[in-house]
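Given next are the chains, with one letter for each unit.
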Amino acid sequence: MVDLGLKDKLSDEELVILTIEDQENFVYLINRYQDKLIRYIRRISGLGFEDAEDLLQEVFIKIYQNINNFDKDLKFSSWAYRIAHNEVIDNYRKKQARPQEMTYDSEQILNNIVADSDINKDIDHKYLQANISQVLNNLDLKYREVLILKFLEEKEYKEISDILKKPMGTIATLISRAKKQFLKELQEQEIKL
Amino acid sequence: MNMKYMLKDKISNGMSEKNISQEILDKIKDVKPRPRWQFLLKDYLIWFLASLALLISSLSFAVILYMLVDNDWDIYASISNSLLEFIFLTLPYFWLIFLGIFIIIAYYNFRHTKKGYKFSLGKIFLLSLLVNIFLGTFLYTIGVGEIIDNIVARRMPFYEQLINKRRHIWADIDNGFLGGIVMSIDNRAITLQDIEGNIWLIEHFNTTTPGFANLQVGDPIRIIGQKIDSQNFEMYTILPMRGMHWMEDDHLPPPPPAMMDERKFLQMRNNR
């Protein structure tokens, strides 16, 4: 039996092994990932909190049901995000609903994109803060999602590749196109760049 | 980290970490994780299907190679107006489509293996093509391409229209193309059973034609010449048949007599 205090210090992968042995240990993984995953679900789906919470529960149930399929070559977080991504897509298809308006951290996403691009950093922040959600919500889901993973979730290319199950080259192309579409969208909204 | 994104409504909903954890634990109380063998079985099945598709596409490649190598390259100018026209006329379209379909099936299955997503479409296609080239060439070398062509030729009723147009070319006797099996040879004429099973008498006056000296009963041959009537054909060029070996089994000649005179030939044809 592993000491309870010690379990918080175990790696995700060790917790997976313990969860297979004893269902109760799953609570450590839930506690570790619930905030991250609900934030991610809300960011890509635009769902309200209660709907996102329902989806989050479905995600954790899927994670538990498929825990024997966890690939140890992956990070657990990538695997969990992948399942969350799939659940959001399934939910989106089932309900055929457009994502709702979502509030994003404009400064974080913009600073990260600006740092990654050759554009003027003298940006009309107030205007941007008010319109960033509209800009992001106007992007295609595939572009919005890679931007969120790269610039809000701050995932590496390999992690994004593992989450979205696309080759690294495709991820690089998607991010590049998403940035272009994001900046174009900013210009169309007449945000000073 | 500058995190303005806050789960304010989480707090307003009064949800605590304990609540959601407990809710999930309650929900999974009666849920059992799917056993590992089910995932392994699925993985193995996908790999098996990908490998099978790759094997079938390699078999198609072996047949394509066989049909291309054993094509009428030596006399393409007599068959069509240009090399390009000849290629378009005799390309094994059926097998090329078959190859394409199974490469796509192999790609689809490989893409659904655990690590398949890491490879781009181009890389997977290139890899499939390389496997097809190496395995297909090996299968062709050991004669598998010919065996498949023979089997399909005997069992597919629309073979000449759909798969091997060369059969149609060498049955076009009105235009001077006669393909068939040598039934008898004497110093004045040869008798030949064509692809459709008809018997032809071909007088020859020039036994110095390349390949003619070695001609034996049972050989599949191609003759370019002119139809004289429904039983006689004038020969301009005689060449050994390339490919289409299914003819040999379909039209096995009777045991060759030492010499066959015209009376016997007529009797044989009348008996058909």
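Note that the coordinates shown come from a computational prediction; the quantities given were computed from them, not determined experimentally.

What chain A contains, in helices and strands, is 10 helices and zero strands. When the helices and strands of chain A are placed in sequence order, the string is α-α-α-α-α-α-α-α-α-α. Within the span of chain A, comprising 193 residues, buried residues form 55% of the whole.

Another aspect to go through is the overall build of chain B. Helix and strand counts for chain B come out as 12 helices and five strands. Buried residues in chain B amount to 41% of all 272 residues. Across chain B, the fraction of contacts at a sequence separation of at least 24, relative to all contacts at a separation of at least 6, is 66%. Here chain B displays about 15600 Å² of accessible surface, and carbon together with sulfur accounts for 62% of that area.

What follows concerns the nonpolar core. Note that soluble globular proteins tend to have their nonpolar side chains buried in a common cluster. Residues and elements named next belong to chain A. Grouped together as the largest cluster of nonpolar side chains are 61 residues, with contacts concentrated most on Phe26, Leu37, Phe60, Ile63 and Phe76. No other element matches the 11 residues that helix α3 (residues 26-45) contributes to this core. With near-sequence residues (within four places) excluded, isoleucine 63 lies in contact with Phe26, Leu37, Phe76, Trp79, Ala80 and Ile83.

On to the packing of aromatic side chains. Tallying each qualifying case throughout the model produces 18 aromatic pairs over all chains. On the numbers, 5.5 Å between centres and 85° between planes, the contact of tryptophan 170 of chain B with phenylalanine 177 of chain B is edge-to-face. Taking the relative accessible area as the measure of exposure, phenylalanine 177 of chain B reaches 10% and is therefore buried. Counting every residue linked through ring pairs, the aromatic cluster contains Tyr33, Phe70, Phe76 and Trp79 of chain A. The ring of tyrosine 33 of chain A has lysine 36 of chain A sitting right over it, with the charged end atom 5.0 Å from the ring centre. The side chain of lysine 155 of chain A reaches across the aromatic face of tyrosine 81 of chain A, ending 4.1 Å from its centre.

There is about 650 Å³ of room inside the largest pocket. Looking at the largest pocket, it is lined by 20 residues, and the ones nearest its centre are Asn69, Arg82, Asn86 and Lys165 of chain A together with Lys42 of chain B. Every element with two or more residues in the lining of the largest pocket is listed here: α5 (76-95) of chain A together with α3 (36-69) of chain B. It is α5 of chain A that contributes the most residues to the lining of the largest pocket, six residues altogether. Looking at the lining of the largest pocket residue by residue, the classes come out as five nonpolar, five polar and 10 charged.

Right, let's get into the environment of aspartate 8 of chain A. All names here are of chain A. By secondary structure assignment, the location of aspartate 8 is in the loop between α1 (4-7) and α2 (12-21). Spatially, the C-alpha atom of aspartate 8 lies 26 Å from that of histidine 85, the residues being 77 residues apart in sequence. With sequence-adjacent residues up to four places away left out, aspartate 8 is seen in contact with Tyr28 and Arg32.

Okay, the confidence of the model for chain B next. All names here are of chain B. Residues of chain B with pLDDT of at least 70 account for 78%, and the chain-wide mean is 80. Looking at the elements of chain B, mean pLDDT is at its lowest for helix α1 (residues 8-12), recorded as 42, and at its highest for α3, recorded as 95. Between residues 252-260, whose pLDDT stays under 50, and residues either more than four places distant or in other chains, the model counts 16 contacts. Model confidence for the complex: the whole-complex pTM is 0.74, and ipTM, which rates the interface, is 0.78.

Before going further, it helps to examine the pattern of salt bridges. Here the structure, examined in full by the defined rule, presents 11 salt bridges over all chains. Between aspartate 74 of chain B and arginine 222 of chain B there is a salt bridge, with the nearest N and O atoms lying 2.8 Å from each other. Of this pair, aspartate 74 of chain B sits in the loop between α3 and α4 (76-79) while arginine 222 of chain B is found in strand β4 (residues 220-227), placing the two residues 148 residues apart along the sequence. For aspartate 74 of chain B, a relative accessible area of 41% translates into the label partly exposed. Given a relative accessible area of 1%, arginine 222 of chain B falls into the buried group. Note that lysine 227 of chain B and aspartate 174 of chain B form a salt bridge whose closest N and O atoms lie 3.0 Å from each other. Here the residue lysine 227 of chain B occupies a position in strand β4, and aspartate 174 of chain B occupies one in the loop between α10 (166-169) and β1 (177-185), the gap between them amounting to 53 residues. Accessibility expressed as a relative area gives 33% for lysine 227 of chain B, which makes it partly exposed. The exposure class of aspartate 174 of chain B is exposed, given its relative accessible area of 61%. Salt bridges sharing common partners tie together Asp71 and Asp73 of chain A together with Lys115 of chain B.

Further remarks concern the packing of helix α9 (residues 157-164) of chain A against helix α10 (residues 168-188) of chain A. Residues and elements named next belong to chain A. Packing of α9 against α10 brings their axes to within 9 Å, and their N-to-C directions diverge by 100°. Judged by the angle between their axes, α9 and α10 are roughly perpendicular. Counting all contacts with α9, which are made through Tyr157, Lys158, Ile160, Ser161 and Leu164, the residues of α10 involved are Met168, Ile171, Ala172 and Ile175. Across the contact of α9 with α10, the residue classes break down as seven nonpolar, one polar and one charged.

This brings us to the side chain of asparagine 91 of chain A. Residues and elements named next belong to chain A. Here asparagine 91 lies in helix α5. Given the relative accessible area of 16%, asparagine 91 is considered buried. Not counting chain neighbours up to four residues away, the residues in contact with asparagine 91 comprise Leu47 and Leu55.

Attention shifts here to the pairing of β4 of chain B. All names here are of chain B. Burial within β4 is extensive, with six of its eight residues counted as buried. Summarising the sheet, β1 and β4 pair through five bridges and their orientation is antiparallel. Residue pairing in the sheet places glycine 180 in a bridge with isoleucine 221 of β4. Taken together, the seven bridges between β4 and strand β5 (residues 232-240) define a ladder with antiparallel strand orientation. Considered in β5, the bridge of glycine 225 is made with methionine 235. Where β4 folds back onto β5 in an antiparallel hairpin, the turn is made up of four residues.

Cut-offs and rules
- Residues numbered from 1 in each chain as written.
- Chains lettered and ligands numbered in written order.
- Predicted model: local features only at pLDDT ≥ 70, side-chain atom pairs only at ≥ 80, totals over all residues.
- Heavy atoms only, no water.
- Helix = DSSP H or I, 4+ residues; strand = E, 2+ residues; numbered from the N terminus.
- Buried < 20%, exposed > 50% of the residue type's maximum accessible area, 1.4 Å probe, protein only.
- Contact = heavy atoms within 4.5 Å.
- Areas by Shrake-Rupley, 256 points an atom, 1.4 Å probe, with all protein chains shown as cover.
- Core = buried A, V, L, I, M, F, W, Y, C linked by side-chain atoms within 4.5 Å.
- Phe/Tyr/Trp six-rings, centres within 6.5 Å; stacked < 30°, edge-to-face > 60°.
- Lys NZ or Arg CZ within 6 Å of the ring centre and 35° of its normal.
- 1 Å grid on protein atoms, 1.4 Å probe; cavity = no way out; pocket = protein on both sides within 12 Å on 5 of 7 lines; lining within 4 Å.
- Points joined across faces, edges and corners; volume = space filled by probe spheres on them.
- Nonpolar A, V, L, I, M, F, W, Y, C, P; charged D, E, K, R; others polar.
- pLDDT = per-residue confidence, 0-100.
- Salt bridge = Lys/Arg side-chain N within 4 Å of Asp/Glu carboxyl O.
- Axes fitted to C-alpha atoms, helices over the stretch in contact; angles between N-to-C directions.
- Parallel < 35°, antiparallel > 145°, perpendicular 65-115°, else oblique.
- Pairing = 2+ DSSP bridges.

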